[in-house]
Amino acid sequence: YLSYYQEYYKQKNYDDALPNWRKAVKLCPPTASQNMLLNGMTLLARDINKTKDATRRSEMIDSLLMLNDVRAQYYPKYAVAALNTKGQYITQFFKDPKVVYDRLDEIIATNQENTKPSLLLLKLNSAIDLFKADKLGAEEVINTYQNAIALIGKAEQTEEVVKTKADIEGLFITSQVASCDNLIALFTPRYEADPNNIDLVTNIVKMMGNTEGCQ
């Protein structure tokens, strides 16, 4: 079945490749082929986009995400890439900002500064959506922003990283989540608890300086 599906896959005959791939992934251990997992993601993602039945679609999305978890488990060298890909699929197939926020939180907590920059931006965007719907507090949004900036600052400063950092900062400023009152309420106890922490003080000045009308 590994051979059957691959022949169809190479010919881009994905409709015939899929049932043979299903047999292969059912019968073969994950260590049989990493390509079996990668090709399966392509086949499932394509089929999900064609599926209208909500229950079936949900099952297929779960299978797609599971393939990334299996890849991370059995091919640890590619675990970071697998989780980043999982995050991309989450943002592609889930529209509920709470689901996106929670699921990306797990991935970011694991991948840290190796998280794909766009996932940091999308998590902040979901946090802002939840804030506007009164489902998340301003402090959680501010913390999400600060964590994103901290992680992206540790990453290699490629063109993509620099652009995404600017997008994160722009999104946060235009969201108007961080009012002056919010920042004062959030940072006053932190400052009073550790007034000689230069990193904290620098961050407070930067955050307040980026907030309109905040002196």
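Right above here is the structure, for reference.
What comes next concerns the included structure.

Here the focus is helix 8 (residues 138-154). If you check helix 8, its first and last C-alpha atoms are 25 Å apart, about what 17 residues at 1.5 Å a residue would give, namely 24 Å. Where helix 8 is concerned, the buried positions are Ala138, Val141, Ile142, Thr144, Tyr145, Gln146, Ala148, Ile149, Leu151 and Ile152. Against helix 6 (97-111), helix 7 (117-132), helix 9 (159-175), helix 10 (180-193) and helix 11 (198-209) lie the buried residues of helix 8.

To continue, consider the state of the cysteines. Each disulfide consists of one covalent bond between the sulfur atoms belonging to two cysteines. Taken as a whole, this structure holds 1 disulfide when the rule is applied. In this model, Cys180 is linked to Cys214 through a disulfide, with the two sulfur atoms separated by 1.9 Å. One quick way to see it: the torsion about the S-S bond of Cys180 and Cys214 is about 80°, and its sign makes the bridge right-handed. Of the two residues, Cys180 sits in helix 10 while Cys214 sits in the segment after helix 11, which places them 34 residues apart along the sequence.

With that settled, consider the nonpolar core. If you look at the biggest cluster of nonpolar residues, it comprises 58 residues, and the most contacted ones within it are Trp21, Leu64, Val141, Ile168 and Phe172. With 8 residues, the single largest contributor to this core is helix 8. The contacts of Phe172, once residues within four sequence positions are left out, are Leu124, Val141, Ile142, Tyr145, Ala178 and Met207.

Once that is clear, we can look at empty space enclosed by the protein. Per the counting criterion, the structure on display carries 1 cavity of 30 Å³ or more. Of the pockets and cavities examined, the largest cavity occupies roughly 40 Å³. Every element with two or more residues in the lining of the largest cavity is listed here: helix 7 and helix 8. The dominant element in the lining of the largest cavity, judged by the number of residues it contributes, is helix 8, at 3 residues. Broken down by class, the residue content of the lining of the largest cavity amounts to 3 nonpolar, 2 polar and 1 charged.

Here we take up the side chain of Thr51. Mapped onto the secondary structure, Thr51 falls in the loop between helix 3 (34-50) and helix 4 (54-74). Among the polar contacts made by the side chain of Thr51, one reaches the main-chain carbonyl oxygen of Asp47 at a distance of 2.8 Å. Apart from residues lying up to four places away in sequence, Thr51 is in contact with Arg56, Arg57 and Met60.

Below, the discussion takes up a nonpolar patch on the surface. Taken together, the side chains of Tyr1, Tyr4 and Leu27 make up a nonpolar region of the molecular surface, amounting to roughly 360 Å² of accessible area. Along the chain, Leu27 turns up in helix 2 (residues 14-27).

This part covers the packing of aromatic side chains. Tallied over the full model, the rule gives 5 aromatic pairs. Aromatic pair Tyr5 and Tyr9: ring centres 6.4 Å apart, planes at 75°, arrangement edge-to-face. Of this pair, Tyr5 and Tyr9 both sit in helix 1 (residues 2-10), 4 residues apart, which is roughly one turn of that helix. When the centroid spacing of 6.3 Å and the interplanar angle of 20° are considered together, the rings of Tyr89 and Phe93 count as stacked. One end of the pair, Tyr89, and the other, Phe93, are both in helix 5 (residues 79-93), 4 residues apart, so they sit about a helical turn from each other. Each of the two residues, Tyr89 as well as Phe93, counts as buried. A connected cluster of aromatic rings, assembled from ring pairs, spans Tyr5, Tyr9 and Tyr14. The aromatic ring of Tyr101 is capped on one face by Lys123, whose charged end is 5.0 Å from the ring centroid.

The rules behind these values
- Residues numbered from 1 in each chain as written.
- Predicted model: local features only at pLDDT ≥ 70, side-chain atom pairs only at ≥ 80, totals over all residues.
- Heavy atoms only, no water.
- Helix = DSSP H or I, 4+ residues; strand = E, 2+ residues; numbered from the N terminus.
- Expected span 1.5 Å × (residues − 1).
- Buried < 20%, exposed > 50% of the residue type's maximum accessible area, 1.4 Å probe, protein only.
- Contact = heavy atoms within 4.5 Å.
- Disulfide = S-S within 2.5 Å.
- Core = buried A, V, L, I, M, F, W, Y, C linked by side-chain atoms within 4.5 Å.
- 1 Å grid on protein atoms, 1.4 Å probe; cavity = no way out; pocket = protein on both sides within 12 Å on 5 of 7 lines; lining within 4 Å.
- Points joined across faces, edges and corners; volume = space filled by probe spheres on them.
- Nonpolar A, V, L, I, M, F, W, Y, C, P; charged D, E, K, R; others polar.
- Polar contact = N/O pair within 3.5 Å; in protein donor to acceptor, adjacent residues only side chain to side chain.
- Patch = residues over 30% accessible without salt bridge, like charges linked within 9 Å, V, L, I, M, F, W, Y side chains within 5 Å.
- Areas by Shrake-Rupley, 256 points an atom, 1.4 Å probe, with all protein chains shown as cover.
- Salt bridge = Lys/Arg side-chain N within 4 Å of Asp/Glu carboxyl O.
- Phe/Tyr/Trp six-rings, centres within 6.5 Å; stacked < 30°, edge-to-face > 60°.
- Lys NZ or Arg CZ within 6 Å of the ring centre and 35° of its normal.

None of this, on its own, says anything about what the molecule does.
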